[in-house]
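Fold and contact review
Now for the letters of each chain:
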Amino acid sequence: MDVQIHNSWKKVLADEFTADYFTDLTKQVRAEYLSQTVFPPPKLVFNAFNRCHFDAVKVVILGQDPYHGRGQAHGLSFSVQDGVRIPPSLQNIYKEIQSDIGTKPPRSGNLERWADQGVLLLNSTLTVRKANAGSHQGLGWEQFTNAVIQKLSDEKEHIVFMLWGKFAQEKGKNIDYTKHLVLQAPHPSPFAAHTGFFGCRHFSKANRYLEKYNQAPIVW
């Protein structure tokens, strides 16, 4: 299958795209798009990779699966398209950024500006049925995104991985802590943000780390 993904990722993930599990995954996902309402739109499934090339990755923020409401998901974890109501978890992320570094929350939940600076906004599962959270878990996306994390950990240095919640922390357990900064906190959802996400100061910590290794800080 010719996956529409940036050449930098196509090169490092070549073995994944030819693997049997990925062939099965693409068949299942294609069938879902033909028979169900699935998000994000097909052209945006690999949006995170096309906005943030492999060589440009400085920060990884790991989510679980796309938003399942119409018009929300566009291939970037925690992000929604312009004009869409900002989801509660992202509202809490914005609150923490304001508390941490003083940046006032923007009116849009579109995080493309982060992706364009080297923030890989990666969901574990890249597609989902409308109004059915987690519906595409177990199809093979998790194996693919595990490979993405492993490639980043093995082949790059000095990436900041932000792992919020037990799911993300478990998925990131094989990251090489000697080469990268791994920041962990509770999930920013309204159910957990007050148990340690608020006050984690991940955004200032990330920027200090990037500057330490002569990389431009992220304009959060």
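Residues numbered from 1 in each chain as written. Predicted model: local features only at pLDDT ≥ 70, side-chain atom pairs only at ≥ 80, totals over all residues. Heavy atoms only, no water.

So, the packing of aromatic side chains
Condition: Geometry of aromatic contacts follows a simple scheme: Phe, Tyr and Trp rings, the Trp one being its six-membered ring, pair when their centres are within 6.5 Å, and the pair is stacked under 30 degrees between planes, edge-to-face over 60, tilted otherwise. Under the scheme used here, helices are H or I runs from DSSP no shorter than 4 residues and strands are E runs no shorter than 2 residues, and both carry numbers assigned from the N terminus. Categorising residues by exposure relies on relative accessible area from a 1.4 Å probe, with only protein chains included: less than 20% of the type maximum marks a residue as buried, more than 50% marks it as exposed, and the intermediate range marks it as partly exposed. Working rule: Lys NZ or Arg CZ, within 6 Å of ring centre, within 35 degrees of ring normal, means a charge sits over the ring.
The final tally for this structure, using the stated rule, is 20 aromatic pairs. Ring geometry for F22 versus W141: centroids 6.5 Å apart, planes at 80°, classification edge-to-face. Remark: W141 occurs in helix α7 (residues 141-155) and F22 occurs in helix α3 (residues 20-35); sequence separation between them is 119 residues. This pair shows no difference in class: F22 is buried, exactly as W141 is. Ring plane angle 65° and centroid distance 6.1 Å describe the contact between W141 and F144, whose orientation is recorded as edge-to-face. With W141 and F144 both in helix α7, this residue pair falls three residues apart, about one helical turn. When the ring centre of F54 is taken as origin, the NZ or CZ atom of K156, which lies over that ring, is 5.4 Å away.

Considerations on the pattern of salt bridges
Keep this limit in mind: The working definition used for a salt bridge is a side-chain nitrogen of Lys or Arg within 4 Å of a carboxyl oxygen of Asp or Glu.
The tally for this structure, following the rule as stated, stands at six salt bridges. Note that R51 and D116 form a salt bridge whose closest N and O atoms lie 2.6 Å from each other. In this pair, R51 is assigned in helix α4 (residues 47-51) and D116 in the loop between α6 (112-115) and β3 (119-123), connecting sequence segments 65 residues apart. For D100, the salt bridge goes to R201, with nearest N and O atoms at 3.3 Å.

A few points about the sheet that holds strand β5 (residues 160-164)
Let me state the cut-off plainly: For two strands to be treated as a pair, DSSP must find no fewer than two bridges joining them. Axis definition: a line fit to C-alpha positions, over the contact stretch in the case of helices; interaxial angles, taken between N-to-C directions, run 0 to 180 degrees.
Pairing within the open sheet is parallel, and its four strands lie in the order β3-β2-β5-β6. Single-partner strands in this sheet number two, and they are β3 and β6 (181-185). Pairwise comparison of adjacent strand axes, ignoring direction, gives a mean angle of 20° for this sheet. As defined by bridge partners, strand β2 (residues 59-63) adjoins β3 across five bridges and the pair is classed as parallel. Each bridged residue has a counterpart across the sheet, and for V59 the counterpart in β3 is V119.

Quick word on α7
To keep things clear, this is the line we draw: Residue count minus one, scaled by 1.5 Å, sets the expected span of a helix.
When the terminal C-alpha atoms of α7 are compared, their 21 Å separation across 15 residues agrees well with the 21 Å that a helix rising 1.5 Å per residue should span. Among the residues making up α7, those that are buried are W141, F144, T145, A147, V148, I149, L152 and S153.

A short note on the side chain of H136
Defined as follows: Polar contact criterion, stated in full: a pair of N or O atoms within 3.5 Å, where within protein one must be able to donate a hydrogen and the other to accept it, and residues adjacent in sequence count only if both atoms are side-chain atoms. Two residues form a contact once any of their heavy atoms are found within 4.5 Å.
Examined against the element boundaries, H136 turns out to sit in the loop between β4 (128-129) and α7. Residue H136 is classed as buried on the basis of its relative accessible area of 1%. A polar atom in the side chain of H136 sits 2.7 Å from the side chain of E32. Here the side chain of H136 touches T127 through a polar contact of 2.7 Å, side chain to side chain. Apart from the residues lying within four places of it in its own chain, the contact partners of H136 are E32, V38, T125, T127, V128, R129 and W141.

What about the environment of D176?
Relative to the elements of secondary structure, D176 occurs in the loop between α8 (166-171) and β6. For the pair D176 and L152, spaced 24 residues apart in sequence, the C-alpha to C-alpha distance is 9.7 Å.

Some thoughts on helix α5 (residues 88-101)
Taking 1.5 Å per residue, 14 residues should reach 20 Å; α5 reaches 20 Å between its end C-alpha atoms and fits that length. Looking at α5, one finds that the buried residues are S89, L90, N92, I93, Y94, E96, I97 and D100. Remark: G102 follows α5 within two positions and exhibits a positive phi of approximately 90°.

Focus: unusual backbone geometry
Cis geometry marks the peptide bond from F39 to P40; its omega dihedral reads -5°. At R201, a position not held by glycine, the phi torsion is positive, near 60°. Within the fold, R201 resides in the loop between β6 and α9 (202-212). By relative accessible area, R201 is classed as partly exposed at 37%.

Regarding the packing of α3 against α7
To characterise two packed helices, one gives the angle between the axes of the helices and the distance between these axes. Short version of the rule: Angle categories: roughly parallel below 35 degrees, roughly antiparallel above 145, roughly perpendicular from 65 to 115, and oblique for all the rest. It is the rotation of the near helix from the far one that decides the hand of a crossing: anticlockwise by less than a right angle makes it left-handed, clockwise makes it right-handed.
In the contact formed by α3 and α7, the axes pass within 9 Å of each other and the chain directions differ by 130°. With respect to α7, the element α3 is oriented oblique. The handedness of the crossing between α3 and α7 is left-handed. Residue-level inspection shows Y21, F22, L25 and V29 of α3 in contact with α7, the latter providing W141, Q143 and F144.

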